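This is what each chain is made of:
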Amino acid sequence: MAMRAFVLRHIQLPGQTLTATGSKPHPQWYLRASLRLFSSHDDHLTKEEVIDRVLDVVKSFPKVDPSKVTPDVHFQKDLGLDSLDNVEIVMGLEEEFKLEIPDKEADRIDSCNLAIEYIYNHPMAG
Amino acid sequence: MSGASTAAYLARRAAQKERVRILYRRALKDTLNWAVHRHLFYQDASDLREKFEAHKHVEDLDTIDKMIAEGEATYNKWRHPDPYIVPWAPGGSKFTRNPVPPSGIEIVYDYGRENND
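Keep in mind the model is a prediction, meaning the values are calculated, not measured. (Residues numbered from 1 in each chain as written. Chains lettered and ligands numbered in written order. Predicted model: local features only at pLDDT ≥ 70, side-chain atom pairs only at ≥ 80, totals over all residues. Heavy atoms only, no water.)

Caption draft 1: Region of interest: the side chain of His122(A). Considering the arrangement of structural elements, one finds His122(A) in the segment after helix H7 (112–121). For His122(A), a relative accessible area of 14% gives the class buried. For His122(A), the side chain forms a polar contact with the main-chain nitrogen of Met124(A), separated by 3.2 Å. Setting aside residues no more than four positions away along its own chain, His122(A) makes contact with Leu99(A) and Trp88(B). (Helix = DSSP H or I, 4+ residues; strand = E, 2+ residues; numbered from the N terminus. Buried < 20%, exposed > 50% of the residue type's maximum accessible area, 1.4 Å probe, protein only. Polar contact = N/O pair within 3.5 Å; in protein donor to acceptor, adjacent residues only side chain to side chain. Contact = heavy atoms within 4.5 Å.)

Caption draft 2: Quick look at the interface of chain B and chain A. Opposite the 22 residues of chain B that make contact, chain A presents 25 residues. Between chain B and chain A, a total of about 2,100 Å² is buried, with carbon and sulfur atoms accounting for 56% of that surface. Where chain B packs against chain A, one counts twelve salt bridges. A salt bridge links Lys29(B) to Glu94(A), with the shortest nitrogen-to-oxygen separation between them at 3.2 Å. Taken together, chain B and chain A are joined by twelve residue pairs in polar contact (both at pLDDT 80 or more). Where the side of chain B that touches chain A is concerned, the elements lending two or more residues are helix H1 (7–34) and helix H2 (38–54) of chain B. Tallying contributions element by element places H1(B) first for the side of chain B that touches chain A, with nine residues. Partitioned by chemical class, the residues of the side of chain B that touches chain A number twelve nonpolar, no polar and ten charged. (Buried area = accessible area lost by both parts, 1.4 Å probe. Salt bridge = Lys/Arg side-chain N within 4 Å of Asp/Glu carboxyl O. Nonpolar A, V, L, I, M, F, W, Y, C, P; charged D, E, K, R; others polar.)

Caption draft 3: Highlighting the packing of helix H4 (residues 47–59) of chain A against helix H5 (residues 83–97) of chain A. Residues and elements named next belong to chain A. Between H4 and H5, the least distance of the axes is 10 Å, while the angle of their chain directions is 135°. By the angle between their axes, H4 is oblique relative to H5. In this structure, the crossing between H4 and H5 has a hand that is right-handed. Contacts from Val50, Arg53, Val54, Val57 and Val58 of H4 reach H5 at Ile89, Gly92, Leu93, Glu96 and Phe97. Here the residues of the contact of H4 with H5 sort into seven nonpolar, one polar and two charged. (Axes fitted to C-alpha atoms, helices over the stretch in contact; angles between N-to-C directions. Parallel < 35°, antiparallel > 145°, perpendicular 65-115°, else oblique. Left-handed = near helix turned anticlockwise from the far one by under 90°.)

Following this line, the structure appears as structure tokens:
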């Protein structure tokens, strides 16, 4: 652990210096896409990115009306989907974020809220 | 069991629904393993969905149990021998590849200095 802190302090990564100079709220998203951080230190998804991608997946589901999708929507109650459709959406989310969700957990994901929370807190969400 | 909404009946139906959902999820993943190309997968996935939808309205608990058992047997028969598992998940290729070193271990940089220097 000490060695890791030692190494991180003494290696200049382009990502570290750029985010240190001035606050760039939105273009940070675009910078992220073009700038590859070579360390896995700060490499977690931001909440807006997670929300955007989850909503994209839900909107592109054929049985869903895209205008009704918000980050709070419940799949079965608000969007009128089936439990099997729920399973399909969870599979779509697994494919989007390259996750492997255990069966019991996947059964419990019922709404966009839960999905966003789960993915945001998952350490390996890609 | 009179078929009325007693607690035991509802509990059993809920357990069955969960089994069906988990079975559908595994069958769908298995279909993706077998049919790698997307257009084939979409075709097979809709066939699978049709099979599940055809028995959607069965009400009798024992028939449902039997159908779930048959479905699970079919799933076991058709399981892919080499499924795609995400690399860092158990069974994947990167699982426990770089385990976290035990805590409290440090490298001491003394460069060969001895105690009487």
